[in-house]
Amino acid sequence: MPEISVKDQLKKLIDLQKIDGEIYELKQVLEEKPKIVEELKNEFEAGKAQLHELEEKLKLVQLARKEKELDLQAKEDQITKYNTQLNEIKTNKEYTAKVKEIEGLKADKSLIEEKILVSYDEAEAVNAEIEKEKTVVSEEEKKFQNKKQEVDAEVKTVEARIKELEGQRASFTDIDPNIKARYERLLQHKNGLAIVPVAAGNSCGGCHMNVTHQTINQIKMNEELIVCEMCQRILYVEDEGY
Ligand SMILES: [Zn+2]
């Protein structure tokens, strides 16, 4: 490979950095976006679980009522049976005792009836909660589905753009392999920013630490790649015609 001047190398790295900077940002998008969808999905799933819980609660209330209704039927049967028995009783004492038993059963019966009424109210309240939760869940599902569609489309666009940029990046073949390797390492470890300009006020465009005049002069000499003492990123001076 013919010798390429430091200035030309820098120029190529700056162009490459533009592409890699965009690739880095786009990859961040690819990482972040699905998380939003995931969060919405979790909310939707939690809502569904809550709905299921309420439905189970309703079943229990209904089951308990059925038991009470059977209990009520048993008391009624008993009362009917005792009433029939009343006709066959010979003594007053037995008669009074039976009537008392019947009264007792009637009292039990009305207690059970009350409980059944309460259980209807309870079921109604749970049912109202279920209807409310159903609305919430269906809204959450819609939100999740819409966002998923939106994000899926976005991801496709971003992936296509990354592919395009990676195609462009593949054409940078005439950079010194050692410099390229160094650049790639920095790119990986320094948040996608390997080469930065010296910013206004003589500070590093990456970490904002002060860059000395001596360093700036070294950069301008274009004899070797100069890095920021603090963050190790490769430095360049913007008005040097890159
Ligand atoms: Zn720096």
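Everything that follows concerns the structure shown earlier in this document.
A quick note: this is a predicted structure, and the numbers were derived from the prediction, not measured.

Counted by the stated rule, this structure contains 17 salt bridges. A salt bridge links Glu 45 to Lys 48; the shortest N-O distance between them is 3.8 Å. With Glu 45 and Lys 48 both in helix H1 (residues 6-88), this residue pair falls three residues apart, about one helical turn. For Lys 75, the salt bridge is made with Asp 108, and the minimal N-O distance between the two is 3.9 Å. With Lys 75 in helix H1 and Asp 108 in helix H2 (residues 92-170), the pair connects residues that are 33 residues apart, well separated along the chain. The network of salt bridges with shared partners includes Asp 20, Arg 169 and Glu 184.

Further remarks concern the sheet that holds strand E2 (residues 203-204). One key point about sheets: their strands pair by backbone hydrogen bonds, in either a parallel or an antiparallel sense. If you trace the three strands from one edge of the open sheet to the other, you get E2-E1-E3, paired in mixed fashion. Edge strands, defined here as strands with exactly one partner in the open sheet, are E2 and strand E3 (234-236). Note: strand E1 (residues 195-199) against E2, two bridges, orientation antiparallel. The residue bridging Val 198 from the neighbouring strand is Cys 204, located in E2.

About the criteria used
Residues numbered from 1 in each chain as written. Predicted model: local features only at pLDDT ≥ 70, side-chain atom pairs only at ≥ 80, totals over all residues. Heavy atoms only, no water. Salt bridge = Lys/Arg side-chain N within 4 Å of Asp/Glu carboxyl O. Helix = DSSP H or I, 4+ residues; strand = E, 2+ residues; numbered from the N terminus. Pairing = 2+ DSSP bridges.

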